[in-house]
Amino acid sequence: MSYAAFKMMHWATGIEHCAAGFITHSAADFSPRIPTVTADDLDSDWPASNKAIGSVPNLITVAANILEVYTVRIQEESSSLDYKAAADPKRGGVLAGVSGASLELVCHYRLHGNVESLGILPSGGADGGRRRDSIILTFRDAKISVLEFDDSIHRLRTSSMHCFEGPDWIHLKRGRECFPRGPVVKIDPLGRCAAVLVYGLQMIVLKAAEASSGLVGEDSTFRTTGASRIESSYTVGLRDLDMKHVKDFIFVHGYIEPVMVILHEHELTWAGRVSWKHHTCMISALSINTTLKQHPLIWSATNLPHDAYKLLAVPSPIGGVLVVGANTIHYHSQSASCVLALNYFAVPADGSQEMPRSGFTTELDASSATWLTNDVAVFSTKSGELLLLTLVYDGRVVQRLELAKSRASVITSDITTIGDSFFFLGSRLGDSLLVQYTSGGGALTMTPGVKEEVGDIESDAPLTKRLRRSSFDVLQDLASEELSFYATGPHNPQLAQKAFTFAVRDSLLNVGPLKDFSYGLRINADPNATGIAKQSNYELVCCSGHGRNGSLAVLQQSIRPDTITQESLPGCKGIWTVYHKDLRSDSSKGAADEDEYHAYLIISLENRTMVLQTASNLEEVTENVDYYVQGSTIAAGNLFGRRRVIQIFARGARILDGTFMTQDLSFKSSTSEVGATSEGTIVSSVSIADPYVLLRMTDGSIQLLVGDPSTCLVSVIIPRVFENTDKLVSACTLYHDKGHEPWLRRTSTDAWLSTGIGEAIDGADGMTQDQGDVYCVLCYDNGNLEIFDVPNFNSVFLVDKFVSGRSHILDTFFHGSANSHEKLMNKYAEDVGHGRKETTHNIKVVELSMQRWAPEHSRPFLFGILSDGSILCYHAYVYDVSENAAKTESVVSSQSSITLSSTSASRLRNLRFVRVPLDTYAKEETPSGVSSQRCTIFKNVGGLHGLFLSGSRPAWFMMFRERLRIHPQVSDGPIVAFTVLHNVNCNHGFIYITSEGALKICQLPALSSYDNYWPVQKIGLKGTPHQVTYFAEKNLYPVIVSVPVHKPLNQVLSSLVDQEVGNQFEHDNLSMEGTYPMEDFEVRIMEPEKLSGPWQTRATIPMQSSENALTVRAVTLFNTTTQRNETLLAVGTAYVQGEDVAARGRVLLYSIERSSDNVQAKVSEVYSKELKGAISALASLQGHLLLASGPKIILHKWTGSDLNGVAFYDVPPLYVVSLNIVKNFILLGDIHKSIYFLSWKEQGSQLNLLAKDFGALDCLATEFLIDGSTLSLTVSDDQKNVQVFYYAPKVSESWKGQKLLSRAEFHVGAHITKFLRLQLLPTSADRTTPGSDKTNRFGLLFGTLEGSIGCIAPLDELTFRRLQSLQKKLVDAVSHVAGLNPRSFRHFRSNGKAHRPGPDSIVDCELLCHYEMLGLEDQLEIANQIGTTRLQILSNLNDLSLATSFL
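So, here's what we can say about the structure. Not measured: the values here are computed from a predicted model.

Quick look at the environment of Asp 800
Part 1 of the argument: One can find Asp 800 in the loop between strand S49 (795–799) and strand S50 (808–810).
Part 2 of the argument: Taking relative accessible area as the criterion, Asp 800 reaches 11% and is therefore assigned buried.
Part 3 of the argument: With twelve residues separating them along the chain, Asp 800 and Thr 812 place their C-alpha atoms 7.0 Å apart.

What follows is the structure, encoded as structure tokens:
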């Protein structure tokens, strides 16, 4: 492997930071509500209880380098009409008038850098709460980016960047190279400034721009005034203020100027010296004056315990700060202080006075906390419990602190309050949760009478901000005059502990941390599969999570459906299912719409059509129905609310009621010639949106069938726009905008009158109000896209060159980008010359689809399939152009357009689309010449909705929380046709037909969760999994699991005594009370019981007390007695008994037999032996067993009853992390001393050290990388890098072969814990050249602690050079989020250690995937600059995706 590609396949899911802020809307907006009520309804009957949930901020989460912004959608309990029901006290799952809340994705970014900390710069209530907040991100070593949400592009935009690295700022480091943590950002609660601590002791103060300053003036083009911004920054050296070791800092509430409190340690101590030196920490409060750049000390407090590590600012009106330590919580303000001891390790500073203690013992190290109300904070401890801390106060004096247990939850990495009714638990070790809370017995469900006063307070802006931050109880104090008759005697000392009710509302799936994984067969694997379909036989079984959240995550890159039945049906062209409603059963229409069974299945063959009844079993009824069965069908569907079926064939259509035909149509030619049988009348593609059917003919003309719901008859219309036009339509579709308030109406110019207009239009069509609007979306041969309203065919939206795939598209009629764009194209064509120009013009849109799925607030997606097989996907959004801008624009366009008055009125001027990346989808290899429709929308397949794409690379596009999840389905090769089926035997399933002619009726695997980058099924273990291996012979998965237990302390102490030395403890010491938490280890042998069912534990192997199982592997050993190979399960363990006892370990061998009933597995111990040193890794080497035992490796041969040592080598200086074997070569990674490369010689039975890496490297995982005949050694380290070494004894730098040479190095940005070597799949390029060297190529699949999965795959030199030059171009050609440079991100990080840079021979697919997101013109331009073609680049990238689709 001289060259390689680094490719992520599953991005990080473990959330490290989260925060809440008004990013996409301001505090004054009421956007994230679900019943969208028009303005006049707001006063009359909005549910009163919803004051509490007035305007909910966004949630921002960060997982490694993944930044996501979510909106919290709230489902009110009842409709907006009967608020009295909502005002009742909570019932069932209804909490405070809310029946549910969910997170909906606004934007998602993969940054070129890991976020070290995250903060929200609030707008401070300026402009009546109309300004928005900004996001501040910090990156190593000292980069700060400020992002704000820009409505016009519906994306985050960088508003300022601050970098304190490089030669100008080297003095800030004061000679140090290695810093334990990256920059930490904290922000003033009123948004006046922010501060970032970098390089340990340098404070960077960021001054916020004033609201009235010129940056964001009132006359800005935004309708809402912009977001908060940073104006300038300067540094403060904390060393000059006599601070040495800063642990944490925070801004406090309630001062006129920003005040920062810093927690620092003036003398260091450690656990071994605590009895002499303790209480070494102190806090200092500095007043920050950003204009004078002065920071006087205003108060300080000393004698805080040495384990204090965190500060929490107490909200107004109390103010002050909480200092959190492992064993105590202190409250300090300028005037008062108090303390709470959490356990018996807490000692007072002077040893005299007694400390107030909490009613139970707990420890608060490594906890995270947030405020629920202004006097109650919730703490999430290291064991996952939620604790409530109440401040009992009088006025502004805190009298005491009270701690209460709440409930157990996930172990969190960060926690944030969202608004005043939700908080979010972000977790790296389990799923992250959105929790709704309410204090007291229904305090939030107020009666309707109070609503008016609350409404009045709303108008006063600064108070609203205070209300939003604080809880409902404070509202009663602040507004006690108006609300006095509801106040309940504020803060009665007896009632100090408020009752809180919690309800989990949503969760974000997390598969990290992946400690280990193995690659095994799925239970529904197909043994006959070949090629790429064979890969979906496999799945990845991963150890993920920790403690109570520990689980096995079963990941599959592709979906493998559960087959119910299958038939052989060659020559099939299409397949449809239709409903049929009798008039008798029509009364129950509303209730059972979702669960209505399909009535008929229509299958189109080469030259005939089959019709089957689907009510219970599939029975052919072709003879007894009036369907057109003499030829193939083009499409079929329901009209008139499922009362009729329409079937369309090449030259006509039939309307059927059940089995009877009610109308027969034949299509006329659009041209005026008499010859009605000309080719133009043949239907090419069809789109149905009740009661309209749109037909595209083979000659590029279109016709519309319009149905009359009263008579259930259909008439043909050729739209007048297309009667005598020469524009050819290349693709078209109908989009039905359903719902009470159709989404697209919001985007028309008269947004406020939109409902009125809607009623008028509907009246004319004689349709009901609920029907919504129908639009026709079509693309011309020249690549332009136009949207018309139906049936009048007025143009409402026009895009030039849709086919070029720009990042944003908007109506060129108003925004006039058309002219400039045309000029650009002409200029480009002249530059490049004729030959290149051809390539752009033959790309057409061959299929369109536009769809908006169920929930009312979701926005439509627009899909376009191009003739070269690539797919464009756009997501619609609304951007209101401000009034004055619109006026000038209409003046400009009126000169060009005469019919302005009529057309501009109804145009969707505020509609825009933003492009969605689909880089996980590997596109068609060879686009088929036959234009069959490939997109099938499904509304309910196993409760999911989305779009299925058939063709040679079928894939599911599923819609979750406004984001598309793309899951390929490769198990059956190309799929010709697909449709949904819902009947008795197949509940919400589907039917598809493969290119081989097999018809399969399937369901989706039920237990998998598809709202993830890959489908995943999690099996809870109630313990921490450590290692898993696949026992292929019996299809079992042995897993090392440790379960936390509490053991009596004297039992633990007695086990720490070294038995050989004798008892050093006096017996009176052993009578200590209490328990000590320990981990009990066992090996569980698990397997999936049946198809998509839960997993079962077939057997367990318990370990002895204080014995840790370190490794488990299935090994094949050659039995020297019977001369046969045996496959055994080998376990290596270590006794963990403290530093006074010599290390010992055991090696255990087990045989596994299946009993006859095949249920339980019989595990019998074959051999066990105790050795010196921990057995940390083992592997089988040519029938021998290789053990890493402490600081040496020993090779054993197996006699059937005994292990006999054959050879040994004193090689790992410390501890083996991983052992890999290829043939007779051994690769060994040491925890601290990098890697060693050994070989084993059978004759003379000796282990030889061939070479090693002389650098100091903390290894995490190692593996061999094989490319043809070259062998490379790959290693990942604790600085999140990957290095590839090679052994070349003939090269002079290798010191006669002692030293391994570097072949490549790369910064991954995540801790890789496991590599797995898998053979690359053959791609189209390899098949053309038989006998090429590419058959023996292996990629490395890796898993990380952040929950991401990726691979490193070898490349040939030509592809590598091409992609590398493309990568260099893309660094400048793409605008990177947060201004991060991808090149600096991928540099090897040595953390201050000396490191000689290696060659740059890995390309980064995370950057290369941006190429497909560029516009077509830019793609051609860049390809031309690096001397290649766009097709060549895309085929290289596509081949790489195909070669690495291992699962």
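A few points about the sheet that holds strand S11 (residues 193–198)
Part 1 of the argument: Ordered in space as S10-S11-S12-S13, the four strands form an open sheet in which the pairing is antiparallel. Two strands lie at the open edges of the sheet, namely strand S10 (184–187) and strand S13 (230–237), each paired on one side alone. The average angle at which neighbouring strand axes cross in this sheet is 20°, direction not considered.
Part 2 of the argument: With six bridges joining them, S11 and strand S12 (residues 202–208) adopt antiparallel strand pairing. Bridge pairing in S12 links Leu 197 to Met 203.

Topic: the pattern of salt bridges
Part 1 of the argument: Considering all chains together, one arrives at 48 salt bridges under this definition.
Part 2 of the argument: Between Glu 354 and Arg 357 there is a salt bridge; the shortest N-O distance is 3.7 Å.
Part 3 of the argument: On the accessibility criterion, Arg 357 (41% relative accessible area) is partly exposed.
Part 4 of the argument: Ionic pairing is found between Glu 1082 and Arg 1084, a salt bridge with its closest N-O pair at 2.6 Å.
Part 5 of the argument: One network of salt bridges, with partners in common, ties together Glu 16, Arg 428, Lys 1280 and Glu 1346.

Brief notes about the nonpolar core
Part 1 of the argument: Residues Leu 540, Leu 1341, Leu 1366, Leu 1370, Tyr 1411 and Phe 1446 are the most contacted members of the largest nonpolar core, which totals 66 residues.
Part 2 of the argument: With six residues, strand S1 (residues 3–10) is the largest single contributor of residues to this core.
Part 3 of the argument: Not counting chain neighbours up to four residues away, the residues in contact with Leu 540 comprise Phe 517, Ser 518, Tyr 519, Ala 553, Val 554, Leu 555, Trp 1014, Leu 1316, Leu 1341, Ile 1349 and Leu 1447.
Part 4 of the argument: With 30 residues, the next largest nonpolar core counts Ala 599, Ile 646, Leu 656 and Leu 665 among its residues.

Description of helix H18 (residues 1416–1425)
An α-helix turns once every 3.6 residues. As a result, residues three or four positions apart point the same way.
Part 1 of the argument: If you check which residues of H18 are buried, you get Leu 1416, Glu 1417, Gln 1419, Leu 1420, Ile 1422 and Ala 1423.
Part 2 of the argument: Backbone geometry just downstream of H18 places Gly 1427 in the positive-phi region, at approximately 75°.

Definitions and cut-offs
- Residues numbered from 1 in each chain as written.
- Predicted model: local features only at pLDDT ≥ 70, side-chain atom pairs only at ≥ 80, totals over all residues.
- Heavy atoms only, no water.
- Helix = DSSP H or I, 4+ residues; strand = E, 2+ residues; numbered from the N terminus.
- Buried < 20%, exposed > 50% of the residue type's maximum accessible area, 1.4 Å probe, protein only.
- Pairing = 2+ DSSP bridges.
- Axes fitted to C-alpha atoms, helices over the stretch in contact; angles between N-to-C directions.
- Salt bridge = Lys/Arg side-chain N within 4 Å of Asp/Glu carboxyl O.
- Core = buried A, V, L, I, M, F, W, Y, C linked by side-chain atoms within 4.5 Å.
- Contact = heavy atoms within 4.5 Å.

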